[in-house]
Amino acid sequence: MSKTRTNISLMQKTITILEDDLDGTEASETISFALDGTEYAIDLNTAHAKELRTALTKFTAVARKSGKARTTRNSTPSGVDTKTIRAWAVANNIPVPDRGRLRPDVIASYNAAS
């Protein structure tokens, strides 16, 4: 009697869906920018991205570039310790995911309380 082994190859597919940070609709891109030494990243749908770029145009048109622009898909504003903020949020009964991005309002609440 012979035994036949079947090798089953498992495949995993990860799908990332961005959510617009302003209204919760599906976002089309992440926009990174810096102001006063703080770097920010925001997920926006096409209309909100256009609105942000339009609002900044009069300033970027006359501003000088400084340093190299970094492009990151999922970034957190520099200086933000997500582990500490998560622990603070849990201790204060604020729902946060175990991993991934923290909502801007959670970071703002932490900063206000610190």
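Residues numbered from 1 in each chain as written. Predicted model: local features only at pLDDT ≥ 70, side-chain atom pairs only at ≥ 80, totals over all residues. Heavy atoms only, no water.

> Is there a simple way to think about the overall build of the chain in this case?
Within the chain, the secondary structure is distributed over three helices and two strands. Helices and strands appear in the chain in the N-to-C order β-β-α-α-α. Relative to its full complement of 114 residues, the chain shows a buried share of 20%. Within the chain, counting contacts between residues at least 6 apart in sequence, those at least 24 apart form 28% of the total. About 9,900 Å² of surface is accessible on the chain, with carbon and sulfur atoms providing 53% of the total. (Helix = DSSP H or I, 4+ residues; strand = E, 2+ residues; numbered from the N terminus. Buried < 20%, exposed > 50% of the residue type's maximum accessible area, 1.4 Å probe, protein only. Contact = heavy atoms within 4.5 Å. Areas by Shrake-Rupley, 256 points an atom, 1.4 Å probe, with all protein chains shown as cover.)

> Just checking my understanding: could you explain the packing of helix α2 (residues 82-91) against helix α3 (residues 104-113) for this structure?
Helix-helix packing is characterised by the crossing angle of the two axes and by the distance between the axes. Where α2 meets α3, the axes come as close as 10 Å, and the angle between the chain directions of the two elements is 85°. One way to sum up the angle between α2 and α3 is to call them roughly perpendicular. Judged by residue contacts, Thr84, Ile85, Trp88 and Ala89 of α2 engage Val106, Ile107, Ser109, Tyr110 and Ala113 from α3. Here the residues of the contact of α2 with α3 are counted per class, giving seven nonpolar, two polar and no charged. (Axes fitted to C-alpha atoms, helices over the stretch in contact; angles between N-to-C directions. Parallel < 35°, antiparallel > 145°, perpendicular 65-115°, else oblique. Nonpolar A, V, L, I, M, F, W, Y, C, P; charged D, E, K, R; others polar.)

> Teacher, can you tell me more about the confidence of the model for the chain here?
Detail in the predicted coordinates should be disregarded across regions flagged by low pLDDT. Mean pLDDT over the chain works out to 82, with 86% of the residues at or above the 70 mark. Taking the mean pLDDT of every element in the chain, the minimum, 86, falls on α3 and the maximum, 93, on helix α1 (residues 46-60). Contacts of residues 71-75 to residues separated by more than four positions or lying in other chains number seven contacts, the stretch itself having pLDDT below 50. (pLDDT = per-residue confidence, 0-100.)

> Where do I start with the packing of aromatic side chains in this structure?
Aromatic rings in a pair are described by how distant their centres are and how their planes are angled relative to each other. Tallied over the entire structure, the rule returns two aromatic pairs. Taken together, a centroid distance of 5.3 Å and an interplanar angle of 20° make the contact between Phe33 and Tyr40 stacked. Under the relative-accessibility criterion, Phe33 is labelled partly exposed at 32%. The class for Tyr40 is partly exposed, based on a relative accessible area of 35%. Between Trp88 and Tyr110 the ring centres are 5.6 Å apart and the planes differ by 75°, which places this aromatic pair in the edge-to-face class. With Trp88 in helix α2 and Tyr110 in helix α3, this pair connects stretches of sequence that are 22 residues apart. (Phe/Tyr/Trp six-rings, centres within 6.5 Å; stacked < 30°, edge-to-face > 60°.)

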